[in-house]
Amino acid sequence: MAVVAFADPGGGMPATARETHAALRGVTRVYGRLAALGPLDLDLAKGEFFSVVGPSGCGKSTLLDVLSGLGRPNAGTVTFEGAPVDGVPDGVGIVFQEDASFPWLSVRDNVAFGLRRAGMDGAEIARRVDYALGFMGLSDFAGAYPAQLSGGMRQRVCIARTLVTQPRLILLDEPFGALDQQTRLLMGDELLRLWRETGATVLLITHALDEAAMLSDRIGVMSSRPGRFIEIVETGWPRERDSRIVADERFGQITARLWSHLREESLKAIGKSSSRKTSVP
Amino acid sequence: MSGPATLPAPEARQSWLIDGVVTAVIAIGAWQALHAYAGEAAIASPLKALRHLSGLVATAGFWSHATATLTAFAGALAISAALGIGLGLVLGLRRFAGEVAEPILSGLYAIPKVTLYPVILLIFGLGLGAKVAFGVIHGVIPITLFTLTAVKGINPVLIRTARAMRLSQADTIRTVLAPAVLPEIVTGLRVGFSLTLLGVLVGEMFASQRGLGFLIVNGISLHNVKQTTAVILMLVVVAVAANGVLLWLDRRFIHRP
Ligand SMILES: Nc1ncnc2c1ncn2[C@@H]1O[C@H](COP(=O)(O)OP(=O)(O)OP(=O)(O)O)[C@@H](O)[C@H]1O
Ligand SMILES: [Mg+2]
């Protein structure tokens, strides 16, 4: 597996020098007779922003499933903060690819759900929920129910519901999938701000190459199923960054690099191969 | 309240009212036509039935019959609901048991319940017990099936969310599963409500000397068509009103996905 660095020395964070926060070793996942994932290794450094890109159906959600402790790997080990993972550990927050908002609760109650279950003091819940609602641009919809919201807004409710619990490792599965490009960029900025303020480790699964290129310290490019990392791209962005780096010339280089790998893998994933195509006279 | 209102828009409420009035007019028209076709000896006219009913509700005898029906119905509905929801939850949560039970229940639901009446009469004899049993055999199966289907069909990502939040099994059932299946259960209860009432009334026709069901057949055997028609009229009005109230509660308090 190649590791490509676009790093400015002294720019971002040298991920290798940091303490490991979560790790996968030789992990595979099989559904019946279908090999969905791996074997695969991954070290998430404490406080890094890691994105995963890969063709549809390559096993990205399966990776999140195993890393979060929701699903067990068929082989290999998963550790979080040094301990083996069995069930979702305390300190891990998950945002699923599907809409997981609770239709019977208002936006406010959805976001407060995890904190109430944890028995937190009411005033503190109100403070955190208000902050998260503002953060996600949902303040005007605090009393609305999910059925009254758009798909993108519902996904924001789920993000807020996870963020208020202040996880140390945040796992996000295509959280901005239902958003338009402008909102997506702005939400990316908000996510970066939150990441900086909390010092959390973020693993973001996305199908948007520009999003991965703009947000991440490192980007793992996955092969078609069974998913493995074929390349880890280090962006070398400074920790203080926002969507304006899309104007940086390195942004184009990174995105192009991601696409050069993904084009091939995506063709495989939809059952075509570029070699066959080029052999046509 | 901030954010969008939860009540239906005024136009929606108005069209509801129009629908109701139109339905009522059609029903009364059909009734009048049926009366004209079948004659005075088979079915009383709407006006006559209404007049007779207003006389009837002034008598103490009528209310003792109505109370008998209400008592049996309340008991039957409570048993149907408790049994149906409990059974549906258990069968829905235990996948295997559910897969075995569902076709059996659907089969039971499909058989005409009249075939069970002799058995029930033998077990419970004449009176309240049999009436309640008639109500329950009609009401319990749909409530069970609605609950079972809801539990089996719950969106899996909601359960995954509960696991992601490290909820205990009891908390998952109480705070995620139960509210997620509530809308379906409410629908099941609405269906169960009508069918339980039907069962109780049929029970009264077969197995009792008391209750509104008895008044209906009694009117027929005494050639008192006005009494039969008046009691039916009252039952229809009460059933439609109750269904309307249940629907309103449903729309007002249940947020469907
Ligand atoms: N519960 C399951 N049972 C059986 N097969 C599954 C299950 N979940 C996923 N798969 C299969 O495993 C493979 C990887 O699925 P996964 O959801 O991880 O892909 P993904 O990379 O997240 O795709 P996408 O980008 O479309 O979300 C797919 O071929 C899928 O059909
Ligand atoms: Mg996925």
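Remember, predicted model here, so these are calculated numbers, not experimental data.

1. Re the overall build of chain B
Then step 1. Along chain B, the regular secondary structure elements total 10 helices and zero strands.
Then step 2. Each principal axis of the C-alpha atoms in chain B carries an extent, and together these give about 70 × 55 × 35 Å.
Then step 3. Residues classed as buried in chain B amount to 39% of the 257 residues present.
Then step 4. Contacts spanning at least 24 positions in sequence make up 71% of the contacts within chain B whose residues lie at least 6 apart.
Then step 5. Summed over all atoms, the accessible surface of chain B reaches about 13,900 Å², with 73% contributed by carbon and sulfur.

2. As for the site of ligand 1
Residue and element names in this part refer to chain A.
Then step 1. Neighbouring ligand 1 are 13 residues, the closest being S56, K60, S61, T62 and Q97.
Then step 2. Between ligand 1 and Q97 there is a distance of 2.8 Å, counted from an oxygen atom to a side-chain nitrogen or oxygen.
Then step 3. For ligand 1, whose free accessible area comes to 630 Å², the fraction covered by protein is 61%.
Then step 4. When residues of the shell around ligand 1 are traced back to their parent elements, those giving at least two are strand 3 (34-45) and helix 1 (60-68).
Then step 5. Among the elements that make up the shell around ligand 1, the one with the highest residue count is helix 1 (three residues).
Then step 6. Across the shell around ligand 1, the residue classes break down as four nonpolar, six polar and three charged.

3. Focus on the sheet that holds strand 5 (residues 75-80) of chain A
All names here are of chain A.
Then step 1. Taken together, the four strands give an open sheet; going across it, the order is 3-2-5-6, and neighbouring strands pair in antiparallel fashion. Of all the strands in the sheet, just strand 3 and strand 6 (83-84) have a single pairing partner and so form its edges.
Then step 2. One ladder, built from five bridges, connects strand 2 (residues 20-31) with strand 5; its direction is antiparallel. When the sheet's bridge partners are listed, A22 is paired in strand 5 with F80.
Then step 3. On top of the sheet, helix 1 reaches strand 2, strand 3 and strand 5; it is set at about 120° to strand 2, its chief contact.

4. Remarks on the pattern of salt bridges
Then step 1. The full count for this structure, using the stated rule, is 23 salt bridges over all chains.
Then step 2. For A:D65, the salt bridge goes to B:R160, with nearest N and O atoms at 2.9 Å. Of this pair, A:D65 sits in helix 1 while B:R160 is found in helix 7 (residues 156-164), placing the two residues in two different chains.
Then step 3. The exposure class assigned to B:R160 is partly exposed, which follows from its relative accessible area of 26%.

5. Examining the packing of helix 3 (residues 60-93) of chain B against helix 6 (residues 128-152) of chain B
Residue and element names in this part refer to chain B.
Then step 1. Running from N to C, helix 3 and helix 6 cross one another at 30°; their axes reach a closest spacing of 6 Å. Classified by the interaxial angle, the pair formed by helix 3 and helix 6 is roughly parallel. Helix 3 and helix 6 meet at a crossing whose hand is right-handed.
Then step 2. Residue composition of the contact of helix 3 with helix 6, grouped by class: 18 nonpolar, nine polar and two charged.

6. So, the side chain of B:T196
Then step 1. Assignment of secondary structure puts B:T196 in helix 8 (residues 169-207).
Then step 2. Apart from the residues within four sequence positions on either side, B:T196 is in contact with B:F73, B:A76, B:L77, B:S80, B:G135 and B:G139.

7. Considerations on the coordination of the magnesium ion (ligand 2)
Residue and element names in this part refer to chain A.
Then step 1. Around the magnesium ion (ligand 2), the donor atoms from the protein are S61 (OG) and Q97 (OE1), and they sit 2.0 to 2.2 Å away. With S61 in helix 1 and Q97 in the loop between strand 7 (92-95) and helix 2 (107-117), this residue pair connects regions lying 36 residues apart in the sequence.
Then step 2. S61 sits in the partly exposed class, given a relative accessible area of 29%.
Then step 3. Exposure remark for Q97: the relative accessible area of 37% places this residue in the partly exposed category.

8. Regarding a nonpolar patch on the surface
Residues and elements named next belong to chain B.
Then step 1. Together, F96, V100, I104, L108, I111 and L116 make up a nonpolar patch on the protein surface, roughly 540 Å² of accessible area in all.
Then step 2. Within the fold, F96 resides in helix 4 (residues 95-110).
Then step 3. The exposure class of F96 is exposed, given its relative accessible area of 65%.

9. Re the UniProt feature "domain: ABC transporter" (unreviewed entry) in chain A
Then step 1. When the UniProt feature table is mapped to this numbering, "domain: ABC transporter" (unreviewed entry) covers residues 22-249 of chain A.
Then step 2. Counted over residues 22-249 of chain A, helix gives 32% and strand 26%. Its end C-alpha atoms are 32 Å apart.

10. Observations concerning the packing of aromatic side chains
Then step 1. Per the counting criterion, the structure on display carries nine aromatic pairs over all chains.
Then step 2. Ring centres 4.3 Å apart and planes at 80° place the aromatic pair B:Y117 and B:F134 in the edge-to-face group. A residue pair is termed long-range when its members are at least 10 positions apart, and B:Y117 in helix 5 (residues 117-124) and B:F134 in helix 6 qualify at 17 residues. Summarising the burial analysis for this pair, B:Y117 and B:F134 share the class buried.
Then step 3. Grouping aromatic residues by their ring pairs yields a cluster made of A:F102, A:W104 and A:F113.

11. Section: the interface of chain B and chain A
Then step 1. Counting residues at the interface gives 24 residues for chain B and 28 residues for chain A.
Then step 2. Each partner contributes to the roughly 2,200 Å² buried at the junction of chain B and chain A, and carbon and sulfur atoms together form 63% of this total.
Then step 3. Contact with chain A buries area across many residues of chain B, yet B:R160, B:R166 and B:H255 alone supply 25% of it, more than any other trio.
Then step 4. Applying the counting rule to chain B against chain A returns two salt bridges.
Then step 5. Summed over the shared surface of chain B and chain A, the result is three residue pairs in polar contact (both at pLDDT 80 or more).
Then step 6. Only helix 7 and helix 8 of chain B provide two or more residues apiece to the side of chain B that touches chain A.
Then step 7. By residue class, the composition of the side of chain B that touches chain A is 11 nonpolar, seven polar and six charged.

12. A closer look at the domain arrangement of chain A
Residues and elements named next belong to chain A.
Then step 1. For chain A, the assigned domains read domain 1 (1-68 + 87-91 + 169-281) and domain 2 (101-166).
Then step 2. Of the roughly 910 Å² buried where domain 1 meets domain 2, counting both sides, 74% is carbon and sulfur surface.
Then step 3. On the domain 1 side of the interface with domain 2, the three residues burying the most area are P175, M187 and L194, jointly 38% of the side's total.
Then step 4. Counting across the domain 1 and domain 2 interface gives zero salt bridges.
Then step 5. Taken together, domain 1 and domain 2 are joined by one residue pair in polar contact (both at pLDDT 80 or more).
Then step 6. Of all elements in the fold, only strand 8 (169-173) and helix 5 (181-198) reach the threshold of two or more residues within the side of domain 1 that touches domain 2.
Then step 7. Sorting elements by how many residues they give to the side of domain 1 that touches domain 2 places helix 5 first, with six residues.

Thresholds, definitions, all that
Residues numbered from 1 in each chain as written. Chains lettered and ligands numbered in written order. Predicted model: local features only at pLDDT ≥ 70, side-chain atom pairs only at ≥ 80, totals over all residues. Heavy atoms only, no water. Helix = DSSP H or I, 4+ residues; strand = E, 2+ residues; numbered from the N terminus. Buried < 20%, exposed > 50% of the residue type's maximum accessible area, 1.4 Å probe, protein only. Contact = heavy atoms within 4.5 Å. Areas by Shrake-Rupley, 256 points an atom, 1.4 Å probe, with all protein chains shown as cover. Near = heavy atom within 4 Å. Polar contact = N/O pair within 3.5 Å; in protein donor to acceptor, adjacent residues only side chain to side chain. Nonpolar A, V, L, I, M, F, W, Y, C, P; charged D, E, K, R; others polar. Pairing = 2+ DSSP bridges. Axes fitted to C-alpha atoms, helices over the stretch in contact; angles between N-to-C directions. Salt bridge = Lys/Arg side-chain N within 4 Å of Asp/Glu carboxyl O. Parallel < 35°, antiparallel > 145°, perpendicular 65-115°, else oblique. Left-handed = near helix turned anticlockwise from the far one by under 90°. Donors = N, O, S within 2.8 Å, 3.2 Å for Na, K, Ca; no water. Patch = residues over 30% accessible without salt bridge, like charges linked within 9 Å, V, L, I, M, F, W, Y side chains within 5 Å. UniProt positions renumbered as here; feature names shortened; annotations may be inferred. Phe/Tyr/Trp six-rings, centres within 6.5 Å; stacked < 30°, edge-to-face > 60°. Buried area = accessible area lost by both parts, 1.4 Å probe. Domains from an automatic or database assignment.

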